[in-house]
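One-letter residues, chain by chain:
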Amino acid sequence: MTVALMIVGGCALAGCAAGPPVPPAAPSRVIEAPTASARPSPRASVGAKGRDQVDIYAADRPGMLSPVVKGFRSLVYVPNSESGTVDVIDPETYRIVRHFTVGALPQHVVPSWDLKTLWVNNNRGNSLTPIDPRTGRPGRPVPVEDPYNLYFSPDGTYALVMAERNNQLDLRDPHSMKLLRSLSLPCRGINHGDFTADGSVFLASCEFSGDLVVLDWRTPSVIRHIHLGHMSMPQDVKLSPDGTVFYIADMERHGVWLVDAATYKVMRFLPTGRGAHGLYVSRDSRHLYVSNRGEGSVSIVSFAKRKVVDVWRIPGGGSPDMGGVSADGTKLWLSGRYHGVVYVFDTRDGRVVRTIRVGAGPHGLCVYPQPGRYSLGHTGVFR
């Protein structure tokens, strides 16, 4: 979101200390998801008793790099929203190895569906800057209106641009970024999302109106509209490994909502910490890392128990925002939105092992490459 709106949201945080009662879902209209001849299927992993269990992140284990990315140098790409620049960090030395200017208000660095390109979302600059991950060097910007965030359909046919200020989802060609179709939305500030296990439905958050929208991206059309309440500011969205529950961070309610992935009904609210913002899955699919931007902490949520089992705190406080998990799963990289830094957590003990100075307003940093067969977008959602 824009700097002005972030300040407003930050002020609102002060009056929201407790988790609220769960409001009822408010569906607008319901349609059946269309059938398709080929849908991405969730991977199965072998459970402790030898039975196959659904795990949509089974292809994201350490070492499971696609042949497409195996020759790419491991780097961390940091978009500095207020500086209009990108810093590139070597994760081995923790040093900035490249720095370049992009369009105005870069928000996220997003891996393409085919894993071959990284896209810098220049929100106010109305462009996407491609980066060649083989070299870490930027290419010529592509004109795209209002690219706050970027996702890709599970079959790779569409790039889904989250046009935040225009309140619409733009479906574009995933390579040329030519506009194909647009879907106006009954909410304000679409920003993050995730797909159901079979890939047929996209659940997205709208931060400025406190809503969730459930979308059939093929039609495209709105399946359901869920209002979380006027005190909500939903942010990042992640599906549980078993594909049954969507977790949605809420920056003003200070926790995450749990929404049934089959019925789209709100199940309950789980308090995590002030300014809950980014959501990241551990490499073993056991835990969800929740960055609490308003209090400088990361809450560890157990998927099995559906509760917070640990909290990692930044010494002296901070503003952990968006980022990703290292390819081997031992590090969690998060931008420090209001402190001009990047935090590196050791996922084995929760310690902050490095704080790296970068440009102003660092936001959706991308750790790349990561394991996975293809990218669904954002700062790295892989299947």
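Check the entry above for the structure.
In short, a report on the structure. (Residues numbered from 1 in each chain as written. Predicted model: local features only at pLDDT ≥ 70, side-chain atom pairs only at ≥ 80, totals over all residues. Heavy atoms only, no water.)

**A short note on the overall build of the protein chain**
Then, in step 1: Counting its regular elements, the protein chain contains 1 helix and 31 strands.
Then, in step 2: Counting only residues that meet the buried cut, the protein chain has 61% of its 383 residues in that class.
Then, in step 3: A separation of at least 24 residues holds for 49% of the contacts in the protein chain among residues at least 6 apart in sequence.
Then, in step 4: By element, 52% of the accessible surface of the protein chain is carried by carbon and sulfur atoms, the whole surface being about 14,100 Å². (Helix = DSSP H or I, 4+ residues; strand = E, 2+ residues; numbered from the N terminus. Buried < 20%, exposed > 50% of the residue type's maximum accessible area, 1.4 Å probe, protein only. Contact = heavy atoms within 4.5 Å. Areas by Shrake-Rupley, 256 points an atom, 1.4 Å probe, with all protein chains shown as cover.)

**Some words on the sheet that holds strand 16 (residues 202-206)**
Whether parallel or antiparallel, the strands of a sheet pair through hydrogen bonds between backbone atoms.
Then, in step 1: Across the sheet, which stays open at both edges, the 4 strands sit in the order 15-16-17-18 with antiparallel pairing between neighbours. Of all the strands in the sheet, the pair left with one neighbour each is strand 15 (190-195) and strand 18 (221-227). Direction aside, the axes of adjacent strands within the sheet are offset by 25° on average.
Then, in step 2: Direction of pairing for strand 17 (residues 211-216) relative to strand 18: antiparallel, over a ladder of 6 bridges. Considered in strand 18, the bridge of Val214 is made with Arg224. (Pairing = 2+ DSSP bridges. Axes fitted to C-alpha atoms, helices over the stretch in contact; angles between N-to-C directions.)

**Points about the sheet that holds strand 24 (residues 287-292)**
Then, in step 1: Reading across the sheet, the 4 strands line up as 23-24-25-26 and stay open at both edges, with antiparallel pairing between neighbours. Among the strands making up the open sheet, the edge pair consists of strand 23 (276-281) and strand 26 (307-313). Put simply, the sheet's adjacent strands are angled 25° from each other on average, direction ignored.

**Here's the deal with the state of the cysteines**
Then, in step 1: Per the stated rule, a full pass over the model turns up 1 disulfide.
Then, in step 2: In this model Cys187 forms its disulfide with Cys206; the gap between the sulfur atoms is 2.1 Å. Residue Cys187 is found in the loop between strand 14 (179-184) and strand 15, and its partner Cys206 is found in strand 16; the two are separated by 19 residues along the sequence.
Then, in step 3: On the accessibility criterion, Cys206 (0% relative accessible area) is buried. (Disulfide = S-S within 2.5 Å.)

**Side note on the pattern of salt bridges**
Then, in step 1: Using the criterion set out here, one finds 11 salt bridges in the structure.
Then, in step 2: Here Asp194 ties to Arg383 by a salt bridge, and the two come within 3.0 Å at their closest N and O atoms. One end of the pair, Asp194, is in strand 15; the other, Arg383, is in the segment after strand 31 (366-368), and 189 residues separate them in sequence.
Then, in step 3: Among the charged side chains, a network of salt bridges with common partners joins Arg293, Asp321 and Arg337. (Salt bridge = Lys/Arg side-chain N within 4 Å of Asp/Glu carboxyl O.)

**Quick look at the layout of surface pockets**
Then, in step 1: A volume near 270 Å³ is recorded for the largest pocket.
Then, in step 2: Listed by contribution, the elements that provide at least two residues to the lining of the largest pocket are strand 2 (52-54) and strand 20 (245-250).
Then, in step 3: One number sums up the size of the second largest pocket: a volume of about 230 Å³.
Then, in step 4: Partitioning the lining of the second largest pocket into residue classes produces 6 nonpolar, 3 polar and 3 charged. (1 Å grid on protein atoms, 1.4 Å probe; cavity = no way out; pocket = protein on both sides within 12 Å on 5 of 7 lines; lining within 4 Å. Points joined across faces, edges and corners; volume = space filled by probe spheres on them. Nonpolar A, V, L, I, M, F, W, Y, C, P; charged D, E, K, R; others polar.)

**Points about the pairing of strand 13 (residues 168-172)**
Then, in step 1: Of all the 5 residues making up strand 13, 5 are buried; the element is thus mostly covered by neighbouring parts of the structure.
Then, in step 2: Side-chain alternation along strand 13 places Gln168, Asp170 and Arg172 on one buried face and Leu169 and Leu171 on a second face that is also buried.
Then, in step 3: Relative to strand 13, strand 12 (residues 159-163) is paired through 5 bridges, and the arrangement is antiparallel. Bridge pairing in strand 13 places Leu160 opposite Leu171.
Then, in step 4: Connecting strand 12 to the next strand, strand 13, in antiparallel fashion are 4 residues, including Asn167 with a positive phi near 55°.
Then, in step 5: Note: strand 13 against strand 14, 5 bridges, orientation antiparallel. The residue bridging Arg172 from the neighbouring strand is Leu179, located in strand 14.
Then, in step 6: Taking the residues that link successive antiparallel strands as the turn, the strand 13-strand 14 hairpin has 6 residues, and the phi of Met177 there is positive, at about 65°.

**A few points about empty space enclosed by the protein**
Then, in step 1: With the rule as written, the count across this model stands at 2 cavities of 30 Å³ or more.
Then, in step 2: Taken as a whole, the largest cavity encloses approximately 180 Å³ of empty space.
Then, in step 3: Surrounding the largest cavity, 17 residues form its lining, Asp60, Val281, Arg283, Gln370 and Gly380 being those nearest its centre.
Then, in step 4: A breakdown of the residues in the lining of the largest cavity according to their chemical character gives 7 nonpolar, 6 polar and 4 charged.

**Examining the environment of Leu365**
Then, in step 1: Looking at where Leu365 falls in the secondary structure, it is placed in the loop between strand 30 (352-357) and strand 31.
Then, in step 2: Judged by its relative accessible area of 0%, Leu365 is buried.
Then, in step 3: Taking the C-alpha atoms as reference points, Leu365 and Val120, separated by 245 residues in sequence, lie 9.8 Å from one another.
Then, in step 4: Each residue touching Leu365, except ones within four places of it in the same chain, is listed here: Val76, Tyr77, Val78, Pro79, Met322, Gly323, Gly324, Trp333, Leu334, Ser335, Val342 and Thr379.

**A closer look at the nonpolar core**
Then, in step 1: The biggest cluster of nonpolar side chains holds 32 residues, and the ones touching the most others in it are Leu203, Phe246, Tyr247, Ile248, Val256 and Leu288.
Then, in step 2: Among the elements of the structure, strand 17, strand 18, strand 19 (234-239), strand 20, strand 21 (255-260), strand 22 (266-271), strand 23 and strand 24 are those that each provide at least two residues to this core.
Then, in step 3: Beyond its immediate sequence surroundings of up to four residues, Phe246 is in contact with Asp194, Phe195, Thr196, Leu203, Val237, Lys238, Leu239, Trp257, Leu258, Val259 and Ala261.
Then, in step 4: Within the second largest apolar cluster, 21 residues are counted, among which are Tyr158, Leu160, Leu185 and Trp217. (Core = buried A, V, L, I, M, F, W, Y, C linked by side-chain atoms within 4.5 Å.)

**A look at the packing of aromatic side chains**
Then, in step 1: Within the structure shown, the criterion is met by 11 aromatic pairs.
Then, in step 2: The ring of Tyr280 is capped by Lys238, whose NZ or CZ atom sits 5.5 Å from the centre of that ring. (Phe/Tyr/Trp six-rings, centres within 6.5 Å; stacked < 30°, edge-to-face > 60°. Lys NZ or Arg CZ within 6 Å of the ring centre and 35° of its normal.)

Everything listed here is a matter of coordinates, which is why it stays silent on function.
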